[in-house]
Amino acid sequence: MAQLSPLLKQATPVVVDHGEGVYLYDVDGKRHLDFTAGIGVTSTGHCHPRVVEAAREQIGKLVHGQYTTVMHKPLLELTERLGDVLPAGLDSLFFANSGSEAVEAALRLARQATKRPNVIVFQGGFHGRTVAAASMTTSGTRFSAGISPLMAGVHVAPFPYAYHYGWDQETATKFALRELDYLFQTVSGPNETAAFFIEPVLGEGGYVPGNTEFFAGLRERADRHGILLVMDEVQTGFGRTGKFWGHDHFDVSPDVVLIAKGLASGFPLSGIAASRELMEKALPGSQGGTYGGNAVSCAAAIATLAVIQDEGLVENAAERGRQLLEGARLIADKTPAIGDVRGLGLLVGSEFTTAGGEPDPATAAAAQQAAAKSGLLLLSCGAYSNVVRMVPPLVVTAEQVDDALRIWGDVVASVTGS
Ligand code: PMP
């Protein structure tokens with residue numbers, strides 16, 4: 001008899017039978033409030049009827065049509081639809097299956113287009129687990145442990161994580177930009193730097209939003225030195241933050257946008273978007289994979305985009321996000337064990353710290369496990385795994401947010417004794 005590899009480290013003992021909306025039902029018939037959404041993926045809720053129907057219909061017509069051989073209708077239609085929501089000028093798309101592959105595709109594009117070797121990433125950023133993407137990931141050593149030598153040419157600049165530094169946002173931002181300039185002087189001259197890879201909100205790194213001044217600083221340096229600004233919207237795209245794109249909060253125009261997760265409601269699909277002019281600078285035929293732009297995934301993505309628009313999910317994420325953030329802050333106010341609560345839209349993180357202000361992953365894990373026992377599924381994040389994050393489907397209602405906050409309040413009170 002075969003068994004699942006111990007490589008998989010499962011956060012809860014839950015074995016799911018089926019999902020519906022914001023709920024997962026396990027094999028014993030217990031209902032769980034799913035505030036993980038498959039790590040920010042099932043934005044339209046589990047098994048949204050319109051997404052299911054679109055996928056079902058497509059399965060009956062064509063499952064796979066390999067895009068370097070033949071094109072298919074869902075891929076062309078999705079490309080057109082994405083044109084309506086992508087930032088102006090990013091009118092050229094390439095599709096893959098996972099966030100990591102999108103990162104790799106953008107890395108190839110950036111190096112080929114600029115003919116420069118280096119990329120600059122930002123402390124606490126997460127870009128995936130393939131070796132190149134893991135080499136660009138600094139949200140925890142666990143993601144690149146034991147696989148050295150990592151890809152060369154990656155340099156790390158600070159992210160304005162004010163709480164971590166113990167500074168206000170302005171000071172943290174000034175520091176981060178000054179260190180970036182220092183990095184240009186010391187390890188990766190601007191003419192050697194192909195791209196900045198950055199998330200609008202650090203995801204796995206602890207749900208830390210960037211800010212307008214910081215992104216203006218990056219944009220200015222990118223323009224001055226011919227460096228590409230690659231925005232990793234894998235976790236933050238498609239309304240997750242209460243605006244369509246995470247970077248919409250910060251008044252910045254990226255050169256490349258990476259998409260995945262919320263794009264197709266759980267069907268594997270990712271992509272990169274850039275201007276045609278930039279895409280033309282890459283080497284033709286050097287990109288692509290067997291399954292990229294799968295027909296069923298594309299059909300699911302077309303339906304997902306329609307649901308996001310028709311059901312006002314971006315607006316819902318903004319409103320429910322405010323409710324969740326405020327509620328989580330009120331809970332944190334009652335205990336010294338949570339040092340900071342932050343987020344944007346339906347990305348809300350509570351950072352657990354000891355009395356001395358040190359990261360406290362043990363209490364965070366205890367709270368996460370106690371919540372799971374009480375029927376609320378949550379995730380952790382942060383370099384120290386001391387941030388408990390809430391990332392529910394964007395269809396979540398005010399009542400469901402209240403339910404989650406009630407459970408979270410009880411759990412925090414019991415594990416912290418407050
Ligand atoms: N970039 C970001 C910002 C992510 O959050 C993730 C996944 N958590 C990835 C890239 C990698 O995506 P995948 O796991 O689909 O390879």
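Residues numbered from 1 in each chain as written. Predicted model: local features only at pLDDT ≥ 70, side-chain atom pairs only at ≥ 80, totals over all residues.

In the annotation of an unreviewed UniProt entry, the entry for the protein chain reads (S)-3-amino-2-methylpropionate transaminase, and the organism field reads Amycolatopsis saalfeldensis. What UniProt records for the protein chain under Pathway (unreviewed entry) is the sentence "Amino-acid degradation; 4-aminobutanoate degradation." Under Sequence similarities (unreviewed entry), UniProt gives the following word-for-word description of the protein chain: "Belongs to the class-III pyridoxal-phosphate-dependent aminotransferase family." (UniProt positions renumbered as here; feature names shortened; annotations may be inferred.)

### Points about the overall build of the protein chain
Within the protein chain one finds 13 helices and 17 strands. In terms of its C-alpha atoms, the protein chain occupies a principal-axis envelope of roughly 60 × 55 × 45 Å. Considering the protein chain as a whole, with its 418 residues, one finds that 53% of them fall into the buried category. Residue pairs at least 24 apart in sequence account for 73% of intrachain contacts in the protein chain once pairs closer than 6 positions are excluded. (Helix = DSSP H or I, 4+ residues; strand = E, 2+ residues; numbered from the N terminus. Buried ≥ 20, exposed ≤ 12 C-beta atoms within 10 Å, placed from the backbone. Contact = placed C-beta atoms within 7 Å.)

### Some points on the environment of Val391
Looking at where Val391 falls in the secondary structure, it is placed in the loop between strand S17 (387–390) and helix H13 (398–416). Separated by 151 residues in sequence, Val391 and Arg240 have C-alpha atoms that sit 8.4 Å apart. Excluding its chain neighbours within four sequence positions, the residues that come into contact with Val391 are Phe35, Thr36, Ala37, Gly40, Leu346, Leu347 and Leu379.

### Describing the sheet that holds strand S10 (residues 228–232)
Reading across from one edge, S4-S12-S11-S10-S7-S5-S6 is the order of the seven strands in this open sheet, with mixed pairing throughout. Here the strands that pair on one side only, and so sit at the sheet edges, are strand S4 (92–96) and strand S6 (154–157). Pairs of neighbouring strands in the sheet enclose a mean axial angle of 20°, with direction left out of account. Sheet analysis places strand S5 (residues 118–122) next to strand S7 (residues 193–198), joined by four bridges and oriented parallel. Bridge pairing in S7 places Val119 opposite Ala195. Lying over the sheet, helix H4 (residues 99–114) contacts S4, S5, S7, S10, strand S11 (256–259) and strand S12 (270–274), oriented at roughly 30° with respect to S12. (Pairing = 2+ DSSP bridges. Axes fitted to C-alpha atoms, helices over the stretch in contact; angles between N-to-C directions.)

### Some remarks on the domain arrangement of the protein chain
Domains assigned within the protein chain are domain 1 (16–47 + 312–416) and domain 2 (50–310). Contact residues are listed per partner, giving 28 residues for domain 1 and 31 residues for domain 2. Looking at the side of domain 1 that touches domain 2, the elements with two or more residues in it are helix H1 (37–40), helix H11 (313–333), strand S13 (338–344), strand S14 (347–352) and S17. Among the residues making up the side of domain 1 that touches domain 2, the classes are represented as 14 nonpolar, ten polar and four charged. (Domains from an automatic or database assignment. Nonpolar A, V, L, I, M, F, W, Y, C, P; charged D, E, K, R; others polar.)

### Considerations on the sheet that holds S13
Overall, antiparallel pairing links the four strands, which are arranged S13-S14-S17-S16 in an open sheet. This sheet does not close on itself; its edge strands, each paired only once, are S13 and strand S16 (379–381). Looking at each pair of strands side by side, their axes are set apart by 30° on average, direction ignored. Bridge analysis of S14 against S17 gives four bridges, and the strand direction is antiparallel. Note on S17: the bridge partner recorded for Glu351 is Val387. Packed on one face of the sheet, helix H12 (residues 361–373) meets S14, S16 and S17 and runs near 35° to S17.

### Comments concerning the nonpolar core
Most often, soluble globular proteins have nonpolar side chains that are buried together. Within the largest apolar cluster, 128 residues are counted, with the highest numbers of intra-cluster contacts made by Ala106, Val230, Val256 and Leu258. Considering every element that reaches this core, the biggest residue donor is helix H10 (residues 295–310), with eleven residues. Per-domain counts for this core show at least three residues from each of domain 1 (16–47 + 312–416) and domain 2 (50–310). In contact with Ala106, not counting residues within four places along its chain, are Val230, Val256, Leu258 and Ile272. (Core = buried A, V, L, I, M, F, W, Y, C linked by C-beta atoms within 7 Å.)

### Brief notes about unusual backbone geometry
Of the consecutive residues Ser148 and Pro149, the connecting peptide bond is found in the cis state with omega at 5°. Position of Pro149 among the secondary structure elements: in the loop between helix H5 (131–135) and S6.

### A word on the pairing of strand S1 (residues 16–20)
Both S1 and strand S2 (residues 23–26) contribute to a ladder of four bridges, which runs antiparallel. Among the inter-strand pairings, Val16 is bridged to a residue of S2, identified as Asp26. Count of turn residues in the S1/S2 antiparallel hairpin: two residues, of which Gly21 carries a positive phi of about 60°.

### Considering H4
With 16 residues, H4 extends 22 Å between its outermost C-alpha atoms, agreeing within 8% with the 22 Å of an ideal straight helix rising 1.5 Å per residue. Counting buried positions along H4 yields 13 of 16 residues, so the element is predominantly enclosed. A positive phi of about 60° marks Lys115, the residue just after H4. (Expected span 1.5 Å × (residues − 1).)

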